[in-house]
Amino acid sequence: MPKARNGAVEIEYETFGPDAAPAVLLINGLGSQMTRWPAAFCEKLVATGHRAIRFDNRDTGLSTWFKPGESYALSDMAADAVAVLDAAGVKKAHVAGVSMGGMIGQAVAIEHPDRVLSLTSIMSASGAPGTLDPTPEAGAVLTTAPPDPEADREAFIAHGVKNALTIGSPGYPWPDGALRERVIAEHGRAFNPTGSARQMAAIRADGDRTERLSKLAVPTVVLHGADDPLVRLVGGEATAKAIPDAELRVVPGMGHDLPPALHDTFIDAILAAAARAR
């Protein structure tokens, strides 16, 4: 697959659909690889007449990993996203991000407004005080280290499945065995257990984006689960309140994930934002 470059950082990316179609840039969340935007989801976007572009954030997947003691900013991650657009030959794109990816998408809209046609911020937050406070159980997903996969593969897999269920959508369960398969596939593709901490540090350092978001003039849809325990609904509400004329969509039964049963819901939100850009 191709790689984009932002200085010394290489970003793995993949495109779906014709180059001439309007592009949707898909940005993932903390520690998650671009495969969290499944190929089936990307193909559904392509079927609506769009080009889908997904990529591994820095410190994740097949993009550049950083060493202990190194750091970077959310702005650097936004610049990575723009580098992907450059490499894919895209001048302007519809930007959709989940969780940390929503925050990166917000930063792209704030710092590179000429590259953004619309913004869909999903299960994300503005960074304002109180918008990033998970439930204790969900917070433990971020702070509890996984078992060593080389020492106990089954314990590692069980840990990943349990975490997914803890933050997932109670109203939209995954098919039997799908989460286990995902854990195995993601570990086989790339495993960088220290990257999430550096990404989290970048989120915290960026702080409250409310004032910066208030100056945006980009069509925006904010999608959030009513039952999200990791980035609770207040995060989406604050984001929609901060961005002028943003539309807030709240989905009962949705948690902090993208199960197959919610693919159409996510795509509808992205298309709604894109339609407002015309």
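Residues numbered from 1 in each chain as written. Predicted model: local features only at pLDDT ≥ 70, side-chain atom pairs only at ≥ 80, totals over all residues. Heavy atoms only, no water.

## Focus on the sheet that holds strand β3 (residues 23-27)
Okay, so step 1: In spatial order, the strands read β1-β2-β4-β3-β5-β6-β7-β8; together these eight strands make up an open sheet with mixed pairing. Because the sheet does not close on itself, it has two edges, and the strands there are β1 (3-6) and β8 (247-251). Direction aside, the axes of adjacent strands within the sheet are offset by 25 degrees on average.
Okay, so step 2: Contacts from helix α2 (residues 74-87) reach β1, β2 (9-16), β3, β4 (51-55) and β5 (93-98), with the element oriented near 130 degrees to β1.
Okay, so step 3: Seen against the sheet, helix α3 (residues 100-111) touches β3, β5 and β6 (116-122) and runs at an angle of roughly 155 degrees to β6. (Pairing = 2+ DSSP bridges. Helix = DSSP H or I, 4+ residues; strand = E, 2+ residues; numbered from the N terminus. Axes fitted to C-alpha atoms, helices over the stretch in contact; angles between N-to-C directions. Contact = heavy atoms within 4.5 Å.)

## Thoughts on unusual backbone geometry
Okay, so step 1: The backbone of Ser99 sits at a positive phi, close to 55 degrees, despite the residue not being glycine.
Okay, so step 2: Counting through the fold element by element, Ser99 comes out in the loop between β5 and α3.
Okay, so step 3: With a phi close to 65 degrees, Asp245 is a non-glycine residue in the positive phi region.
Okay, so step 4: Within the secondary structure, Asp245 is located in the loop between α9 (233-242) and β8.
Okay, so step 5: For Asp245, a relative accessible area of 67% gives the class exposed. (Buried < 20%, exposed > 50% of the residue type's maximum accessible area, 1.4 Å probe, protein only.)

## With respect to the nonpolar core
Okay, so step 1: By size, the foremost hydrophobic cluster in this structure holds 41 residues, and its most contacted members are Leu25, Ile53, Phe55, Val84 and Ile104.
Okay, so step 2: Broken down by element, this core gets its largest block of residues, eight residues, from α2.
Okay, so step 3: Setting aside its immediate chain neighbours within four residues, Val84 contacts Ala4, Ile11, Tyr13, Leu25, Ile53 and Phe55.
Okay, so step 4: In terms of nonpolar packing, the next biggest core, distinct from the first, is built from 25 residues, Trp37, Leu45, Ala52 and Leu258 among them. (Core = buried A, V, L, I, M, F, W, Y, C linked by side-chain atoms within 4.5 Å.)

## So, the environment of Ile267
Okay, so step 1: Among the secondary structure elements, Ile267 is positioned in helix α10 (residues 263-276).
Okay, so step 2: Distance from Ile267 to Ala205, taken between C-alpha atoms, is 31 Å for residues 62 residues apart in sequence.
Okay, so step 3: In contact with Ile267, other than residues within four places in its own chain, are Phe41, Lys44, Leu45 and Thr48.

## A short note on the pattern of salt bridges
Okay, so step 1: Going through the model one piece at a time under the given rule, you end up with 14 salt bridges.
Okay, so step 2: A salt bridge links Glu186 to Arg36, with the shortest nitrogen-to-oxygen separation between them at 2.5 Å. Here Arg36 lies in the loop between β3 and α1 (39-47) and Glu186 lies in helix α6 (residues 178-189), a separation of 150 residues in the sequence.
Okay, so step 3: When its relative accessible area of 14% is taken as the criterion, Glu186 is described as buried.
Okay, so step 4: Taking the shortest distance from any N to any O, the salt bridge between Asp206 and Arg212 comes out at 3.4 Å.
Okay, so step 5: Look at Asp206 and you get buried, because its relative accessible area is 16%. (Salt bridge = Lys/Arg side-chain N within 4 Å of Asp/Glu carboxyl O.)

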